Amino acid sequence: MSYQDLSQECRQANATLVAVSKTKPISAIEGLYAQGQRIFGENRIEEMLEKKEALPDDIEWHFIGTLQTKKVKKLIPNASLIHSVDSIKLLDEINKRSEQHNVVTSLLLQVKIAKEESKHGLDATQLMDIMNGINKGGYPNIHCRGMMGMATFTDDKSTVSSEFEYLKSTFDQAKRKATWQGFDTLSMGMSGDYKLALEHGSTMVRIGSLLFGAREYV
Ligand SMILES: *Cc1c(COP(=O)(O)O)cnc(C)c1O
């Protein structure tokens, strides 16, 4: 799909487009940059840092992959948004490392919406605990901007729809509870399901293969 068509579709839906460039070369990123794209998503820290070093400073790098606690120190302060906070331990570590760098790190809470074991995320109780912890002022060096989720990888639209509905209602509930400003981002939708995600209230889609072509893993 052409970049221009996709970015226009996102604009019309009031959603931010994250171009997921994982595994893709610098030249592919430069191609979209030349057309105006400024937000790119990566899921490996080393790869993200290499690309960041080689590319213009006005690119915002979003970290969308599984994040190990011991690797957080490499990521801070290099990611403008972390989509994938899936444990309290990780939240504690991000807050601590951000404090050391004297920065406030923007992040999303990753919610488990798919049945698949491989898809991480927080359950309702953990989300509640975290929202309460932030409301009480326990995390001065993080800015929780909203939530992220990955639907089951299936052609069955009703499964994906019900997972997106669940995430949207969880997000809306949390938003009502949040005592801070800027809890406004719902990151849901990838190449195969972004249209359904936009219909269900997504404000940010993460799109890789539709823009860059299929990934080849070596
Ligand atoms: C790889 C990835 C994407 C993009 O996937 P596509 O199907 O290529 O659009 C989106 N979100 C996350 C978390 C990913 O890891």
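Just above sits the structure.
We now turn to the structure provided with this report. Keep in mind that this is a model prediction, so the values were computed, not measured.

Check the secondary structure of the protein and you find 9 helices and 8 strands. Computed over the C-alpha atoms, the radius of gyration of the protein is 17 Å, within 12% of the 17 Å expected from 2.2 N^0.38 for a compact globule of 218 residues. Its C-alpha atoms put the protein at 45 × 40 × 35 Å along the principal axes. Residue burial in the protein is summarised as follows: out of 218 residues, 49% are buried. If you take every contact in the protein between residues at least 6 apart in sequence, the share linking residues at least 24 apart comes to 58%. Roughly 10800 Å² of accessible area belongs to the protein as shown, and the carbon and sulfur atoms make up 48% of that amount.

Time to look at the nonpolar core. In this structure, Leu 67, Ile 82, Ile 94, Leu 107, Leu 109, Met 147 and Phe 183 are the most contacted members of the largest nonpolar core, which totals 58 residues. By size, the runner-up hydrophobic cluster in this structure holds 6 residues, among which are Val 18, Leu 81, Leu 108 and Met 204.

We now examine the packing of aromatic side chains. Ring pairs (aromatic) are described by centroid distance and by the angle formed between their planes. This model, assessed by the stated rule, comprises 3 aromatic pairs. Ring geometry for Phe 40 versus Trp 61: centroids 6.0 Å apart, planes at 40°, classification tilted. Of this pair, Phe 40 sits in strand β2 (residues 39-42) while Trp 61 sits in strand β3 (residues 60-63), and the two are 21 residues apart along the sequence. Seen in terms of ring centroids, Phe 171 and Phe 183 are 5.4 Å apart; in terms of plane orientation they differ by 20°. Their pairing is stacked. Residue Phe 171 is located in helix α7 (residues 157-177), and its partner Phe 183 is located in the loop between α7 and β7 (185-188); the two are separated by 12 residues in the primary sequence. Exposure class is identical for Phe 171 and Phe 183. Each is buried. Among the aromatic residues, those joined into a cluster by ring pairs are Phe 171, Trp 180 and Phe 183. When the ring centre of Tyr 33 is taken as origin, the NZ or CZ atom of Arg 38, which lies over that ring, is 3.6 Å away.

With that out of the way, let us pick up the site of the ligand. Surveying the vicinity of the ligand reveals the residues Val 20, Lys 22, Ile 64, Met 148, Met 150, Met 190, Ser 191, Arg 206, Ile 207, Gly 208, Ser 209 and Arg 215. Taking Lys 22, its side chain carries an N or O atom lying 2.7 Å from an oxygen atom of the ligand. A distance of 2.5 Å is found between an oxygen atom of the ligand and a side-chain nitrogen or oxygen belonging to Ser 191. About the coverage of the ligand: the protein hides 90% of its 390 Å² of free accessible area. Class assignment of the residues belonging to the shell around the ligand gives a composition of 6 nonpolar, 3 polar and 3 charged.

Here we take up the pairing of strand β6 (residues 142-149). Among the 8 residues of β6, 6 are classified as buried, and the element is accordingly described as predominantly covered. As for the winding sense of the linkage, the β-α-β connection from strand β5 (residues 105-111) through helix α6 (residues 124-135) to β6 is right-handed. Direction of pairing for β6 relative to β7: parallel, over a ladder of 4 bridges. Considered in β7, the bridge of Gly 146 is made with Thr 185. Taken together, β6, α7 and β7 constitute a β-α-β crossover, and its handedness is right-handed.

The amide bond that connects Ile 76 to the next residue, Pro 77, takes the cis arrangement and shows omega of 5°. The backbone of Asn 14 sits at a positive phi, close to 55°, despite the residue not being glycine. Looking at the element boundaries, Asn 14 is found in the loop between α1 (3-12) and β1 (16-20). Relative accessible area serves as the criterion here: at 68%, Asn 14 is assigned to the exposed category. A positive phi angle, near 60°, is found at Asn 102, a position not held by glycine. By relative accessible area, Asn 102 is classed as exposed at 69%.

Rules of the game
- Residues numbered from 1 in each chain as written.
- Predicted model: local features only at pLDDT ≥ 70, side-chain atom pairs only at ≥ 80, totals over all residues.
- Heavy atoms only, no water.
- Helix = DSSP H or I, 4+ residues; strand = E, 2+ residues; numbered from the N terminus.
- Rg over C-alpha atoms; globule rule 2.2 N^0.38 Å.
- Buried < 20%, exposed > 50% of the residue type's maximum accessible area, 1.4 Å probe, protein only.
- Contact = heavy atoms within 4.5 Å.
- Areas by Shrake-Rupley, 256 points an atom, 1.4 Å probe, with all protein chains shown as cover.
- Core = buried A, V, L, I, M, F, W, Y, C linked by side-chain atoms within 4.5 Å.
- Phe/Tyr/Trp six-rings, centres within 6.5 Å; stacked < 30°, edge-to-face > 60°.
- Lys NZ or Arg CZ within 6 Å of the ring centre and 35° of its normal.
- Near = heavy atom within 4 Å.
- Polar contact = N/O pair within 3.5 Å; in protein donor to acceptor, adjacent residues only side chain to side chain.
- Nonpolar A, V, L, I, M, F, W, Y, C, P; charged D, E, K, R; others polar.
- Right-handed = clockwise from strand over helix to strand, strands pointing away.
- Pairing = 2+ DSSP bridges.

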